[in-house]
Structures are given as structure tokens and as C-alpha cells.
Amino acid sequence: MELDREEEKLLRSVALQNSRAVMVARERGERELGQTKEELERKAEELDQQREWFQVTLSSIGDAVITTDTQGKVTFLNPIAETMTGWKMADAVGQPLETIFKIINETTRQPVDNPIARVLRENVVVGLANHTALIAKDGREFAIEDSAAPIRDATGKISGAVMVFHDVTDRRRAEEAVRASENRFSALVSATAQIVWVADATGGFVEDSPRWRELTGQTFEELKGWGRLNVVHPEDRQPLEAVWQRAAEMKSVVNTQYRLRYVSGEWRWVAVRAVPMLAADGSIRSWVGMHTDITERKLAEEALRESESRKSAILSASLDAIITMDHKGKISDFNPAAEKIFGHPREKAIGHRLAELIIPERFRKRHYEGLARYLASGEGPVLGKRIELPALHADGHEFSTELSISRIADIEPPLFTATLRDITERQRAEETLRKETERLHLALSA
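What you see is a predicted model; the values in this text were computed from it and never measured.

*Asks:* What should I look at first to understand the pairing of strand S9 (residues 254-261) in this one?
*Replies:* Alignment of S9 against strand S10 (residues 267-278), held across 8 bridges, turns out to be antiparallel. Bridged to Tyr258 within S10 is Val270.

Written out as C-alpha cells, the structure reads:
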């Protein structure tokens, strides 16, 4: 009996221990379950936060974003994508991407393959071909560039795709404008008789110039950089480099002249004008310039200088007053003899009317009438003739002159040259001779 009680007691102890173990295990399980639940709730909250952060980020970026599921149906559009496609996200979600995102080739106007389909099929990142245009729901058209990539879950399995694209319409227009400008420049370079060229910031040629090649015989390999100095006259090379250096420092236009050796071996004068192209920071990005052959002009200028030199020598050496005046009678040149004869310095005589300066007042009306008649009819009573005329000195006294007026040929409006000679002494000699002749006649008659 006592044995039964001991066994019962032992059984109760074991049952109690088992019960306590079960309770501990249960409590532990409930505790771990609670921790797991809390962890899941925390993970779910983090996932919601990440999802919200993801959508906020995609909504705020400057590119358009569209996401799809594994069937290629739209799951998300950010505001930029809504604007460009013309679809609101509420209406677009669940629609096939092809319905929302219609794209064509800008040149051929043919449909372009859906990039998302390839992403889902081949599990690769895909970019659109060049010249792709998006046709919005309302018919608007945007030139776009984009890329599409797979979206993967934590296990690496594809759960959808995302496409990011942006409007490049303005950039395309700018590029087209640049191409058009470059084409016009190339056409100008090809068509002009001048040498047109482009140089880098240092003044070294960076583009071929067909006209330069034609006139100098230099190839582009010989021309590029500062190779052009090899066909510049040795005496002009250092001055040319100095001009470029000053212009580069001042960021100013280059204007200079130098001699250039043509393919014929002849040295020809060229005028050079180069304009600096400035970058946004104000530095010189490049130069655009032009060479113009001015050899004939140089020869004409030299001939004119020689002519002017001879004319100046003649005017300075002449004993006669030589005065040039315009069609209004205003003096434009007054030689040294005129200064001496009339007593007026050249600088004071220039710009005054001839009549008011050297013709006595009683003869001025006749002078103006004769000038007006010539301008109206081409005929003048004095032109080409030599007449005697009283003249007025700077000190106010009158003296006798011999005057002839001629027109300078081929100049409009007309210019005239008046040649005057003081004949006071000649008249005195003639009067003395007349009186002596009369005296002799009287003596012989007696």
C-alpha cells in the first residue's frame, strides 16, 4: 500500500514537472510568437515607409516614371509621366503599357517596339533607339530618351519593370539649329571668295579651309595649328603673333594685314578679321575669321600715295596759288603759294568759301551766279579761261590776279581747282612800258 502511495506521489511529481515544462514552453512560444508578430508589423511598417518614400521620390524627380507588373500592365505613373502621356494614374493603372505609352520613330513615323516587353522577356536593361517620339493622349508629340529595367523582389525574381524617360524636344531643336548653322557656315565657306576659317582659343587652325588650300597649296596637315605661318611673309610673322597675343589678352577682334604666299609663289596682301567666341565663363572658346585679298587695293593706295606725293610736291613748289574747292565754293586745299599771296594760313582757309575769303565783295554775286549756272547746265563763263580779277588780301588791300578755274574730272559732286597768280608787278611793268612808249612817240613826233 505504501508502495502505491510512493508511486502515486512520484507520478504526481512527474506530471507536475511536465505540466510546468508545458507551461514554460507555451509561455516561450507565445512570447516568441508575439516577438515575431511585432517584427512582422515592424517590417510591414518599414515596407510601407519605403513604398511611400519610393513613390514620393519618383513623384518629385524631374524624369517621367512608369512601372508595370509582370504582365506589362501599368501600376504607377509619376506626375511628369502623367503630363507627358496625358493619362492620370487612376485611369492608367491596370492598362497595358502600349495603351498609355505610344511611341513612334520621328523620321519614319512607324511604331517603335515596347521596351518593357523586352525587359520582361529577356531580363535586361533596355534603352530606346534614337529619334523616338511619344504621342500623348491628346495628340501632343515629345521627342524622348528613356531606359527600362526589371524590378526584382528579395529573392531576385522579376516582379515588374520600371521605365524612366524625359523630354528632349528643346534639345533636339537646339541640335537642329546648331546643325543648320553649321551647314550654313559650311556653305558660306565653300561659296565665298574669301578664306573663312575656325581657330582654337590660342589662334591655331582647327578646321580645314578649302579656299586656303586652293590659294596657298597647304594641306590641312600643313595648315593646322600655327602651320599657316609657313606661308606668311617672314617680315610679317612676328607682328602677326603679337597682334594675336594682344587680342587674346583683351578678348578683342583681330584686325590686321600681312603678306601671304600663294601657290603661284606670288606674295599677296590679305586683310584679316577674327572674332573671338566666348564661353559662359568669359574665356575664349574659339575664333572665327576671314582673310580677304587686298593686293589690288594696296597697289591702288600706293599709286594714290605716289600721286598725292607728286601733287604735294607740285603744289609746294608752285609760285601760283592753287586752291581746291567743292561745288558750294568751300575751300578744301590751299597751297603754300596761296598762303603767301593772300596772307591766310592754310588751316584757317580750309572750310571757308573762296568768294568770301579772296574775292572783293562787289564781284562775289557774279562768282556765285557763275557757279550756280555751271551746276545747273554744265556751262560756266570762267571755266577753262584765264581772266584778270581784283583779289582781296588778308590785310584788306586789293591787288590784281590772273585766274583760271578747271573742274577735277570724274568726281561727283564736282570739285574745282582755281589757279591764281599775282600780276601786280606785271601790270606795273606794262604800265611803265606803255608810258615809256608814249613818251618816245611824243619825242619822235616833235
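Let's pick the thread back up.
*Asks:* So what exactly am I meant to see when it comes to the environment of Val112 here?
*Replies:* Note on placement: Val112 falls in the loop between strand S3 (102-105) and helix H5 (115-122). Overall, the relative accessible area of 24% leaves Val112 in the partly exposed class. Sequence separation between Val112 and Lys102 is 10 residues, and the spatial gap between their C-alpha atoms is 8.3 Å.

*Asks:* In this structure, what is going on with the sheet that holds strand S12 (residues 321-325)? I would like to understand it.
*Replies:* What links the strands of a sheet is backbone hydrogen bonding, and the strands pair in either a parallel or an antiparallel sense. One open sheet accounts for 5 strands, arranged S13-S12-S16-S15-S14; its pairing is antiparallel. The open sheet is flanked by strand S13 (331-334) and strand S14 (386-392), the only strands paired with a single partner. Ignoring strand direction, the axes of neighbouring strands in this sheet form an average angle of 30°. With 5 bridges connecting them, S12 and strand S16 (residues 415-422) associate as antiparallel partners. In the sheet register, Ala321 faces S16, and the bridge partner there is Leu420. Packed onto the sheet, helix H14 (residues 361-377) meets S12, S14, strand S15 (398-408) and S16 and runs at close to 135° relative to S14.

*Asks:* Quick question: what am I supposed to make of the sheet that holds S10 here?
*Replies:* Spatially, 4 strands are ordered S8-S11-S10-S9 in an open sheet, and the strand pairing comes out antiparallel. The open sheet has two free edges, formed respectively by strand S8 (195-200) and S9, since each of these has just one partner strand. Along the sheet, successive strands turn relative to each other by an average axial angle of 30°, direction set aside. Note that S10 and strand S11 (residues 284-293) share 9 bridges and pair antiparallel. For Ala274, the partnering residue across the bridge sits in S11 and is Gly289. Its contacts with the sheet put helix H9 (residues 234-250) on S8, S9, S10 and S11, and the angle it makes with S9 is roughly 155°.

*Asks:* Is there a simple way to think about the nonpolar core in this case?
*Replies:* Most often, soluble globular proteins have nonpolar side chains that are buried together. Membership of the largest hydrophobic core comes to 25 residues, with the highest contact counts inside it found for Ile323, Phe334, Phe342, Ile358 and Leu420. Every element with two or more residues in this core is listed here: S12, S13, helix H11 (336-342), helix H13 (354-358), H14, S14, S15 and S16. Element by element, the count of residues in this core is highest for H13, at 4 residues.

*Asks:* I keep staring at the pattern of salt bridges and nothing clicks. Help me out?
*Replies:* Pairing between side chains becomes possible if they bear opposite charge and their charged atoms approach one another. Within this structure, the stated rule accounts for 20 salt bridges. Arg118 serves as the salt-bridge partner of Glu122, at 3.2 Å between the closest nitrogen and oxygen. Within this pair, Glu122 and its partner Arg118 are both found in helix H5, separated by 4 residues, close to a single helical turn. According to the relative accessible area criterion, Glu122 is partly exposed, its value standing at 39%. The class of Arg118 is partly exposed, set by a relative accessible area of 38%. Between Glu214 and Arg211 there is a salt bridge, with the nearest N and O atoms lying 2.8 Å from each other. You can see Glu214 and its partner Arg211 sitting in helix H7 (residues 210-216), 3 residues apart, about one turn around the helix. A relative accessible area of 51% places Glu214 in the exposed class. Through salt bridges that share partners, Glu266, Arg268, Asp293 and Glu296 make up one connected network.

*Asks:* How do you make sense of the environment of Pro360 when you look at a structure like this?
*Replies:* Within the secondary structure layout, Pro360 lies in the loop between H13 and H14. Put simply, Pro360 and Pro390 are 30 residues apart on the chain and 7.1 Å apart in space, counted from C-alpha to C-alpha. If sequence neighbours within four positions are ignored, Pro360 has contacts with Pro390, Ala391, Leu392 and Glu398.

*Asks:* Is there a simple way to think about H5 in this case?
*Replies:* When we look at burial in H5, the residues that qualify are Pro115, Ile116 and Val119. For H5, the arc enclosing every buried residue in end-on projection is 100°, short of the 170-degree limit, so these residues lie on one face. In the core, the buried residues of H5 are packed alongside strand S1 (64-68), helix H4 (97-100), S3, strand S4 (126-127), strand S6 (141-152) and strand S7 (158-167). For H5, the side-chain oxygen to backbone nitrogen distance between the N-cap and Ile116 is 2.9 Å, and the N-cap itself is Asn114. Phi for Asn123, located one or two positions after H5, is positive at around 60°.

Conventions used here
- Residues numbered from 1 in each chain as written.
- Predicted model: local features only at pLDDT ≥ 70, side-chain atom pairs only at ≥ 80, totals over all residues.
- Heavy atoms only, no water.
- Pairing = 2+ DSSP bridges.
- Helix = DSSP H or I, 4+ residues; strand = E, 2+ residues; numbered from the N terminus.
- Buried < 20%, exposed > 50% of the residue type's maximum accessible area, 1.4 Å probe, protein only.
- Axes fitted to C-alpha atoms, helices over the stretch in contact; angles between N-to-C directions.
- Contact = heavy atoms within 4.5 Å.
- Core = buried A, V, L, I, M, F, W, Y, C linked by side-chain atoms within 4.5 Å.
- Salt bridge = Lys/Arg side-chain N within 4 Å of Asp/Glu carboxyl O.
- Arc of directions from axis to C-beta.
- Polar contact = N/O pair within 3.5 Å; in protein donor to acceptor, adjacent residues only side chain to side chain.

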